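Observations on chain architecture
What follows is the residue order along each chain.
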Amino acid sequence: TIDLSATSTTYDLEGEITPMFGLTPPSLLSIEQLLADRFTGTILQTPPQHSAMRVDGKRAYHLARRGREFTLQPRPVRIDSIEVLSYEWPSLAIRTTCGRGTYIRSLADDIGAALETGGYLTALRRTAIGRFDESRAFKLDDVPDPIEQAHLIRVGEAGLN
């Protein structure tokens, strides 16, 4: 979920939020067109300063927290699909299927910049990673205690070798 009315230094709720003023809310149609035209396929994305990327052997988030200046280079990432689930200004909920290395926080910031409204991530829910999806996950209250070998996914079951 993206808030389109402000920016954040970390591209999410943990950073310093800067509200944008005098904004004209974009239409749903213009958002959907933008997502299809500019945010689907292979795109260049700059990782957030508060990321696990390495800069001179150190994690970027360590440097960012210490106030160090550095630049992360844009890199190609793959967005297979992106769809609007709901939109009620300033909140935009999207579903994205993407390749590894994609930063959804950066995607939120990039969408906000392209719309000229600002944008930062307010919620994130990962529903799948590779062949694993939430249909095979335990709800927190249902996690066995203790966890036994029988509760774990076997390599062959997951389609992994």
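All values derive from a computational prediction rather than experimental measurement. Residue positions are given per chain, counting from 1 as you read along its sequence in written order. For a predicted model such as this one, the threshold for reporting local features is a pLDDT of at least 70, and the threshold for listing and counting side-chain atom pairs is 80 or more; totals across whole chains, interfaces and linings nevertheless cover every residue. For the side-chain quantities, the full set of heavy atoms in the structure was used; hydrogens and water were omitted.

1. So, the sheet that holds strand β4 (residues 41-45)
Read from one edge of the open sheet, 5 strands run β4-β7-β8-β1-β9, paired in antiparallel fashion. With partners counted over all chains shown, the strands left at the sheet margins are β4 and β9 (120-121), one partner each. Strands were regarded as paired on the criterion that DSSP finds at least two bridges between them. Strands are runs of DSSP state E lasting at least 2 residues, helices are runs of H or I lasting at least 4, and numbering of each runs from the N terminus. With 2 bridges joining them, strand β1 (residues 2-3) and β9 adopt antiparallel strand pairing. Bridging across to β9, Asp3 finds its partner in Tyr120. Here, residues are in contact when the closest pair of their heavy atoms is within 4.5 Å. Fitted lines through C-alpha atoms serve as axes, helices being fitted only where they are in contact, and the angles separating the N-to-C directions of these axes extend from 0 to 180 degrees. Contacting β4, β7 (75-88) and β8 (91-98), helix α1 (residues 28-38) runs over the sheet at an angle of about 165 degrees to β7. Lying on the sheet, helix α3 (residues 104-115) is in contact with β1, β4, β7, β8 and β9; it crosses β8 at an angle near 130 degrees.

2. Here's the deal with the pattern of salt bridges
Pairing is possible between side chains that carry opposite charge, provided their charged atoms lie close to one another. Only one rule defines a salt bridge in this text: a Lys or Arg side-chain nitrogen within 4 Å of an Asp or Glu carboxyl oxygen. Applying the stated criterion across every chain yields a total of 3 salt bridges. Arg95 is the salt-bridge partner of Glu83, the closest N and O atoms lying 3.5 Å from each other. Of this pair, Glu83 sits in strand β7 while Arg95 sits in strand β8, and the two are 12 residues apart along the sequence. To sort residues, take the accessible area from a 1.4 Å probe on protein chains only and compare it with the maximum for the residue type: under 20% means buried, over 50% means exposed, and anything in between is partly exposed. Given the relative accessible area of 38%, Glu83 is considered partly exposed. Here Arg125 makes a salt bridge to Glu134, at a shortest N to O gap of 2.5 Å. Accessibility expressed as a relative area gives 62% for Arg125, which makes it exposed.

3. Notes on the side chain of Thr102
Locating Thr102 in the fold gives a position in the loop between β8 and α3. Definition of a polar contact: a pair of N or O atoms within 3.5 Å, with one able to donate and the other able to accept a hydrogen when the atoms are protein atoms, and with sequence-neighbouring residues admitted only if both atoms are side-chain atoms. A distance of 2.9 Å separates the side chain of Thr102 from the backbone oxygen of Gly99, its partner in a polar contact. Ignoring sequence-local partners within four residues, the contact set of Thr102 consists of Gln45, Val77, Arg78 and Ile79.

4. A word on α1
What α1 keeps buried is the set Ile31, Leu34 and Leu35. Here the buried residues of α1 occupy an arc of 95 degrees about the axis, which is enough to place them on one side. Projecting away from the buried face of α1 at angles above 90 degrees are the exposed residues Leu29 and Asp37. Its buried side turned inward, α1 meets β7, β8 and α3. Of all possible arcs, the one meant is that of the directions from the helix axis to the C-beta atoms.

5. Focus on the packing of α1 against α3
The contact between α1 and α3 brings their axes to 11 Å, and the two run at 120 degrees. Between α1 and α3 the crossing geometry is right-handed. Along the contact surface, α1 presents Ile31, Leu34, Leu35 and Arg38, while α3 presents Ile111, Ala114 and Leu115. Only Asp, Glu, Lys and Arg are considered charged in this grouping, and only Ala, Val, Leu, Ile, Met, Phe, Trp, Tyr, Cys and Pro are considered nonpolar; every other residue, Gly among them, is considered polar. Broken down by class, the residue content of the contact of α1 with α3 amounts to 6 nonpolar, no polar and 1 charged. Crossing handedness: left-handed means the near helix sits turned counterclockwise from the far one by under a right angle, and right-handed means the same turn made clockwise.

6. Observations concerning the nonpolar core
Buried residues of nine kinds, namely Ala, Val, Leu, Ile, Met, Phe, Trp, Tyr and Cys, make up a nonpolar core once their side-chain atoms join them within 4.5 Å. Counting 19 residues, the largest nonpolar core has Ile2, Leu35, Leu92, Ile94, Leu107 and Ile111 as the members making the most contacts within it. Every element with two or more residues in this core is listed here: α1, β7, β8 and α3. Ranked by residues supplied to this core, first place goes to α3 with 5 residues. Excluding anything up to four places from it in sequence, Ile94 contacts Ile2, Leu35, Ile82, Glu83, Val84, Leu85, Leu107 and Ile111. Of all hydrophobic cores here, the second largest spans 6 residues; its members include Val55, Ala60, Leu63 and Leu72.

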